[in-house]
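Structural overview for review
The primary structure of each chain is shown beneath.
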Amino acid sequence: MSIYVTGATGELGSLVITHLLKQMSASRITAIVRNVEKASSLAERGIEVRYGDYSDPASLAKAFAGASRLLFVSSPDSDDTNRIVQHANVVKAAKEAGVGHIAYTSFAFAEQSAIPLAHVHLATEHAIRTTGIPYTFLRNSLYTEVFVNPALHASVEHGAVVTNTGTGTLNTATRNDLAAAAAEVLAGEGHENKTYTLVSDQTWSFDELARIMSEITGKPIVHRAVSFAEQKSMLIHDAGLPEPVAGMIAGIYQAVAEGETSKTSGDLRSLIGTPAPLKDTVKQVLQA
Ligand SMILES: NC(=O)c1ccc[n+]([C@@H]2O[C@H](COP(=O)([O-])OP(=O)(O)OC[C@H]3O[C@@H](n4cnc5c(N)ncnc54)[C@H](OP(=O)(O)O)[C@@H]3O)[C@@H](O)[C@H]2O)c1
């Protein structure tokens, strides 16, 4: 059985390959990449590397030939309309190439989401269903790393994490845990035509994050809750972010405040066991 992974030079895709290699030989894995040079370390590990660009349909049909199972990692393009076109290219090429099974990295609780990118994921799931190819929808949470990343060093310095998440809670999972779940589905059996909601079954809040940061650093750090408008203005004027990026970040925080990321599921734990505790991820970031 041959397993093909798109986005293999990206953060999630490369972690999926690391997890697959714990379960199978490199000869069973093919990496689909838009930049073959960037994939040299994969080729060195014995993985076949093929060129395939989501915006170049002919390249995709060739790249997918022979795939028993395909992990389709969603495009990072910032234009959602363009992303839907790219995703349709991938789905059409998978059908033409006779791919046996598609696992797609979708978005948790997409139907109820107020975050605009949910439209891309739902459209892609529907496109995949039109092919008749067995599928597994890996409805990923927001990554823990979207919130817990080196930017927290500045919060340690200022003694405050400032967000407009209010008392909202988050069901995030790390990229590594989501990659382990994808590898489990690709290598395992019985996942045809299933939709998995891959979120943590234990939520956290920014108040809790600030407490954990205090514990790890030994410095007093609080969570300071601000409004959407204050947050956006701070991101533009203090952090120097462009207006659309500031709006997107404050928008995600607002969705958290409104309960979008508060729902839990046991699907991730069923696939991989206990997800990484928040404290471990915070330690990795602050002690790096
Ligand atoms: N759940 C979340 O919180 C969250 C957050 C951010 C993104 N996402 C979504 O999850 C996906 C995977 O996350 P990630 O962290 O692995 O993102 P990433 O590190 O940006 O990886 C994206 C991958 O897609 C490849 N790619 C980009 N444009 C392509 C194209 N036109 N044709 C073929 N491949 C293309 C990139 O290739 P290069 O290496 O050549 O750039 C890279 O390998 C993202 O693409 C995005 O759709 C989810």
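Overview of the structure. Just so we're clear, the structure is a prediction, and the values are computed from it rather than from any experiment. Once a new chain begins, its residue numbering starts again from 1 and follows that chain's sequence as written. This being a predicted model, a pLDDT of at least 70 is required before a residue's local features are given, and a value of 80 or more before pairs of side-chain atoms are given or counted; all residues contribute to the totals for chains, interfaces and linings. Heavy atoms throughout the structure, all of them, feed into the side-chain values; hydrogens and water do not.

Here we take up the environment of Thr130. A run of DSSP states H or I qualifies as a helix once it reaches four residues; a run of E qualifies as a strand once it reaches two. Both are numbered from the N-terminal end. Examined against the element boundaries, Thr130 turns out to sit in helix H5 (residues 118–131). Classification of residues uses two cut-offs on accessible area relative to the type maximum, computed with a 1.4 Å probe and protein chains only: under 20% is buried, over 50% is exposed, and between them is partly exposed. A relative accessible area of 61% means that Thr130 is categorised as exposed. Between the C-alpha atom of Thr130 and that of Val91, which follows or precedes it by 39 residues, the distance is 9.2 Å. For this analysis, a polar contact is any N or O atom pair within 3.5 Å, provided that within protein one partner can donate a hydrogen and the other can accept it, and provided that sequence-adjacent residues contribute only side-chain to side-chain pairs. Among the polar contacts made by the side chain of Thr130, one reaches the main-chain carbonyl oxygen of Ala127 at a distance of 2.6 Å.

On to the layout of surface pockets. In this approach the atoms are scanned with a rolling probe the size of a water molecule, which exposes any empty space left behind. Put simply, the second largest pocket is a space of about 250 Å³. Residue polarity is assigned by list, with Asp, Glu, Lys and Arg as charged and Ala, Val, Leu, Ile, Met, Phe, Trp, Tyr, Cys and Pro as nonpolar; anything else, Gly included, falls into the polar class. Grouping the amino acids of the lining of the second largest pocket by side-chain chemistry returns 6 nonpolar, 8 polar and 3 charged. Points on a 1 Å grid over protein atoms alone make up a cavity when a 1.4 Å probe fits among them but cannot get out, and a pocket when they form an open set with protein on both sides within 12 Å along at least five of seven lines; lining residues each have an atom within 4 Å of a point. Grid points are joined across faces, edges and corners, and a volume is the space filled by probe spheres set on the points.

With respect to the element layout, Thr105 can be found in strand S5 (residues 102–107). Thr105 gets classed as buried once you look at its relative accessible area, which sits at 4%. Engagement of the side chain of Thr105 in a polar contact is seen with the backbone nitrogen of Ser74, the distance being 2.9 Å. Contact between two residues is taken to exist if any of their heavy atoms lie within 4.5 Å; hydrogens are not considered. The contact partners of Thr105, leaving out residues within four places of it in the chain, are Leu12, Leu71, Phe72, Val73, Ser74, His121, Leu138 and Asn140.

Pairing between side chains of opposite charge can happen when their charged atoms approach one another. Definition used for salt bridges: Asp or Glu carboxyl oxygen within 4 Å of a side-chain nitrogen of Lys or Arg. Taken as a whole and assessed by the stated rule, the structure comprises 10 salt bridges. The salt bridge involving Arg175 is made with Glu11; its shortest N-O contact spans 3.5 Å. Of this pair, Arg175 sits in helix H7 (residues 175–187) while Glu11 sits in helix H1 (residues 11–21); the two residues are 164 residues apart in sequence, bridging distant segments of the chain. With relative accessibility at 17%, the residue Arg175 sits in the buried group. Put simply, Glu48 and Arg50 hold a salt bridge, and the shortest N to O gap is 2.9 Å.

Without other data, these values stay purely geometric and don't point to any function.
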